[in-house]
Amino acid sequence: MSNLESFRNETRDWLEANCPDSMRTPIKSEKDICWGGKRFEFASDDQKIWLERMSSRGWTCPTWPEEYGGGGLSKEEAEILKEEMSRIKARPALISFGIWMLGPALLKYGTEEQKKHYLPQITRGEIRWAQGYSEPGAGSDLAALRTKGDDKGDHWVVNGQKVWTSYADECDWIFALVRTEPDAPKHLGISFLLIDMTWDGVSTKPIKLISGKSPFCETFFDDVEVPKENIVHEAGRGWDVAKYLLSHERANIAGGGSGAQMNPASAARQSGEVDEDGRISDPILRADIARLTIDALAFETTLQRIKDQADGGQGVGAKASMLKYYGTELNKRRHELNMSALGSDGLLWEGDNPEDGDPARSWLRSRANSIEGGTSEIQLNILAKRVLELPGG
Ligand SMILES: Cc1cc2nc3c(=O)[nH]c(=O)nc-3n(C[C@H](O)[C@H](O)[C@H](O)COP(=O)(O)OP(=O)(O)OC[C@H]3O[C@@H](n4cnc5c(N)ncnc54)[C@H](O)[C@@H]3O)c2cc1C
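Just so it is clear, the model here is predicted, and its values are computed rather than measured.

J.: Help me get a handle on the packing of aromatic side chains, residues and values and all.
T.: The tally for this structure, following the rule as stated, stands at 16 aromatic pairs. Measuring from ring centre to ring centre gives 5.5 Å for Phe 97 and Trp 100, while their planes differ by 70 degrees; the resulting arrangement is edge-to-face. Of this pair, Phe 97 and Trp 100 both sit in helix H4 (residues 97-109), separated by three residues, roughly a single helical turn. Ring centres of Trp 129 and Phe 175 lie 6.4 Å apart, and the angle between their planes is 40 degrees; this geometry places the pair in the tilted category. Of this pair, Trp 129 sits in strand E1 (residues 129-132) while Phe 175 is found in strand E4 (residues 173-179), placing the two residues 46 residues apart along the sequence. Members of the aromatic cluster, connected to one another through ring pairs, are Tyr 118, Trp 129, Tyr 133, Trp 173, Phe 175, Phe 192 and Trp 199.

Laid out in structure tokens, this is it:
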């Protein structure tokens with residue numbers, strides 16, 4: 001038996017013995033997601049047990065080195081773990097900005113002390129991180145950011161405001177872009193700082209949406225003292241870290257395009273639109289679903305190829321923009337088709353069952369995919385400039 005086959009068998013046995021039954025159902029809503037962090041309230045004992053068991057094996061971050069709390073798995077082993085988890089429909093034990101944004105940036109740019117300090121805490125879900133990039137007047141044109149850090153020798157004093165900071169009021173720490181070299185050119189005066197949200201001068205104000213919910217905040221920094229050791233990479237070189245982190249953020253958001261949890265074909269069958277042979281009876285809906293399925297398979301293959309290249313050390317670079325653009329447009333198409341397939345059932349907003357209204361809420365949430373992490377227009381601009389080398393203004 002090859003090493004990979006025995007790894008698959010061991011993994012299958014371990015998951016069978018350790019994944020609680022209630023963690024073998026798809027994530028349907030926000031409350032099913034384990035975000036971790038000091039203030040996180042577990043939805044159930046099983047959710048907590050699942051996190052503890054997975055993180056003690058390093059499998060919340062399977063390919064990170066073991067010395068930083070990861071699983072030390074090869075790409076092939078990590079793929080097997082993913083397949084075996086999806087075979088039993090196991091949920092991710094932990095989802096966090098730490099895992100899919102900050103962690104990769106620290107692995108590339110962090111000092112040894114930073115990696116040893118922060119990465120194991122991320123793998124165990126002990127710190128919940130917020131992303132402090134966008135500001136009023138600095139969204140798509142991120143390098144226009146004005147939050148500033150005054151150099152005081154062994155620390156900076158940070159003043160300014162961020163906006164659209166997802167879940168900032170529930171987070172413990174924030175990674176923030178701060179202008180520390182006021183006289184340097186736009187992209188060269190920015191530093192990437194790690195800030196504890198309990199420090200004096202950090203405050204958040206939730207932004208209430210029309211739904212009454214508040215997934216975002218404004219985040220304010222008033223004379224916040226940030227020690228010099230809390231910088232990642234060099235002063236004034238935060239843009240390198242920011243771009244590298246964004247390529248991970250974009251590739252991850254794009255991953256939603258493969259859409260394992262959402263199936264318009266089953267939605268059509270569920271709403272009873274089938275002929276006597278069990279085929280979806282509406283030919284237009286059938287053709288749309290077939291086209292989406294083919295596009296999604298092609299996208300998944302491309303995503304996998306680019307991930308393999310990245311694992312091989314080639315970097316994702318501007319290809320992340322292609323994935324972000326296509327993956328999020330595909331995801332929006334999938335949700336729209338799902339709503340068409342469900343017919344009037346899709347319009348349900350709330351009801352007696354906890355999952356009532358999920359399709360409509362997920363459809364609305366998918367609209368934000370082509371804005372968060374950089375809008376579709378900006379991705380197309382990057383592709384035009386950096387990949388197609390078209391002339392630009
Ligand atoms: C769900 C969600 C979660 C988010 N979470 C976070 C977070 O945690 N942390 C954080 O820092 N930010 C977060 N954001 C903010 C997000 O990164 C910004 O919304 C995004 O970068 C766009 O910036 P903006 O909203 O300022 O829009 P603008 O930059 O003002 O853009 C407005 C419109 O103009 C278009 N546009 C702008 N410039 C150009 C151009 N040069 N060419 C063509 N079209 C252009 C844009 O595409 C867009 O359609 C989140 C956003 C969403 C929707």
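More follows now that the structure is in view.
J.: Residue-level account of a negative patch on the surface, with values.
T.: On the surface, a cluster of negative charge is made up of Asp 154, Asp 200, Asp 222, Asp 223, Glu 225 and Glu 229. By secondary structure assignment, the location of Glu 229 is in the loop between strand E7 (216-227) and strand E8 (231-232). Taking relative accessible area as the criterion, Glu 229 reaches 62% and is therefore assigned exposed.

J.: Any chance you could break down unusual backbone geometry for me, citing the residues and the numbers?
T.: A positive phi angle, near 60 degrees, is found at Lys 89, a position not held by glycine. Of note, the phi angle at Glu 389 is positive, near 55 degrees, even though the residue is not glycine. Of note, Glu 389 is situated in the segment after helix H11 (376-387).

J.: Explain a nonpolar patch on the surface to me, using residue names and the numbers behind them.
T.: On the surface, Val 387, Leu 388 and Leu 390 cluster together to form a nonpolar patch covering roughly 280 Å² of accessible area. With respect to the helices, strands and loops of the structure, Leu 390 is situated in the segment after H11. Note on Leu 390: relative accessible area 45%, which makes it partly exposed.

J.: Account for the site of the ligand, with residues named and values stated.
T.: Near the ligand you find 20 residues, and of these Ser 134, Ser 140, Ser 166, Thr 375 and Glu 377 are the closest. Here a nitrogen atom of the ligand sits 2.7 Å away from a polar atom, N or O, in the side chain of Ser 166. Asn 381 is positioned such that a nitrogen or oxygen atom in its side chain is 3.0 Å from a nitrogen atom of the ligand. For the ligand, whose accessible area on its own is 980 Å², the fraction buried by protein is 65%.

J.: Break down the state of the cysteines for me, citing the residues and quoting the values.
T.: Applying the stated criterion across every chain yields a total of zero disulfides. The structure places no disulfide on Cys 34, whose sulfur is separated from the nearest cysteine sulfur, that of Cys 61, by 12 Å. A relative accessible area of 3% places Cys 34 in the buried class. You can see Cys 217 has no disulfide; the closest cysteine sulfur is in Cys 171, sitting 8.3 Å from it.

J.: Summarise H11; cite the residues concerned and give the values.
T.: Taking 1.5 Å of rise per residue, twelve residues should cover 16 Å, and H11 covers 15 Å from first to last C-alpha, within 8% of that figure. Buried within H11 are the following residues: Ser 376, Gln 379, Ile 382 and Leu 383. For H11, the angular spread of buried residues about the axis comes to 115 degrees, placing them on one side. The outward face of H11, more than 90 degrees from its buried face, is lined by the exposed residues Glu 377, Asn 381 and Lys 385. Just downstream of H11 lies Glu 389, where phi reads positive at about 55 degrees.

J.: Hey, could you go over the nonpolar core for me, with residue numbers and the actual values?
T.: Counting residues in each nonpolar core, the largest one holds 56 residues, and the members touching the most others are Trp 129, Tyr 133, Phe 175, Phe 192, Leu 194 and Ile 195. In contact with Leu 194, not counting residues within four places along its chain, are Leu 102, Tyr 118, Trp 129, Trp 173, Ile 174, Phe 175, Trp 199, Val 226, Asn 230 and Val 232.

J.: Describe the side chain of Ser 370, and please don't skip the residues or the numbers.
T.: In this fold, Ser 370 is placed in the loop between helix H10 (358-366) and H11. On the basis of relative accessibility, which here comes to 8%, the residue Ser 370 falls in the buried class.

J.: How would you summarise the environment of Asp 223 if you had to cite specific residues and measurements?
T.: Considering the arrangement of structural elements, one finds Asp 223 in strand E7. Separated by 74 residues in sequence, Asp 223 and Gly 149 place their C-alpha atoms 9.0 Å apart. Setting aside chain neighbours within four positions, we find Asp 223 in contact with Val 157, Val 158, Asn 159 and Asp 200.

J.: Describe the pattern of salt bridges, with residues and values.
T.: Overall, the coordinates contain 24 salt bridges when judged by the stated rule. With a shortest N-O distance of 2.8 Å, Arg 8 and Glu 84 are connected by a salt bridge. With a gap of 76 residues between them, Arg 8 in helix H1 (residues 3-18) and Glu 84 in helix H3 (residues 75-87) connect regions that are remote in the sequence. On the accessibility criterion, Arg 8 (25% relative accessible area) is partly exposed. Judged by relative accessible area, which is 2%, Glu 84 ranks as buried. The shortest N-O distance in the salt bridge between Arg 87 and Glu 84 comes to 2.9 Å. Taken together, the positions of Arg 87 and Glu 84, both in helix H3 and three residues apart, correspond to about one turn of that helix. Residue Arg 87 is classed as partly exposed on the basis of its relative accessible area, which comes to 42%.

Conventions we followed
Here, residues in each chain are numbered from 1, in the same order as that chain's written sequence. Local features in this predicted model are restricted to residues of pLDDT 70 or higher, and side-chain atom pairs are both shown and tallied only at a pLDDT of 80 or more, whereas totals for entire chains, interfaces and linings draw on every residue. As a rule here, side-chain values come from all non-hydrogen atoms in the structure, and water together with hydrogens is ignored. Only the six-membered ring of Trp is used, alongside the rings of Phe and Tyr, when aromatic pairs are assigned; centres must lie within 6.5 Å, and planes under 30 degrees apart are stacked while those over 60 apart are edge-to-face, with the rest tilted. Only runs of H or I of at least four residues qualify as helices and only runs of E of at least two qualify as strands under DSSP, and these elements are numbered from the N terminus. Candidate patch residues must exceed 30% relative accessible area and have no salt bridge, after which like charges are joined if within 9 Å and Val, Leu, Ile, Met, Phe, Trp or Tyr side chains if within 5 Å. Areas reported as accessible are Shrake-Rupley estimates using a 1.4 Å probe. Residue values count occlusion only from the protein chains shown. Salt bridge, as applied in this entry: a Lys or Arg side-chain nitrogen positioned within 4 Å of an Asp or Glu carboxyl oxygen. All tallies of charge rest on Lys and Arg as positive and Asp and Glu as negative; His and the ends of each chain are not included. All charge positions are set by atom: Lys at NZ, Arg at CZ, Asp at CG, Glu at CD. When accessible area is computed with a 1.4 Å probe and restricted to protein chains, residues below 20% of their type maximum are described as buried, those above 50% as exposed, and intermediate ones as partly exposed. Being near a molecule or strand, for a residue, means having at least one of its heavy atoms within 4 Å of it. The term polar contact refers here to a pair of N or O atoms within 3.5 Å; inside protein, the definition further demands a hydrogen-donor-capable atom paired with an acceptor-capable atom, and it admits residues adjacent in sequence only when both atoms are side-chain atoms. Count a disulfide wherever a pair of cysteine sulfur atoms falls within 2.5 Å. What a helix is expected to span follows from its residue count: subtract one and scale by 1.5 Å. The directions considered for the arc run from the helix axis to the C-beta atoms. Buried Ala, Val, Leu, Ile, Met, Phe, Trp, Tyr and Cys residues form a nonpolar core when they are joined through side-chain atoms within 4.5 Å. Here, two residues are considered to be in contact whenever any of their heavy atoms come within 4.5 Å of each other.

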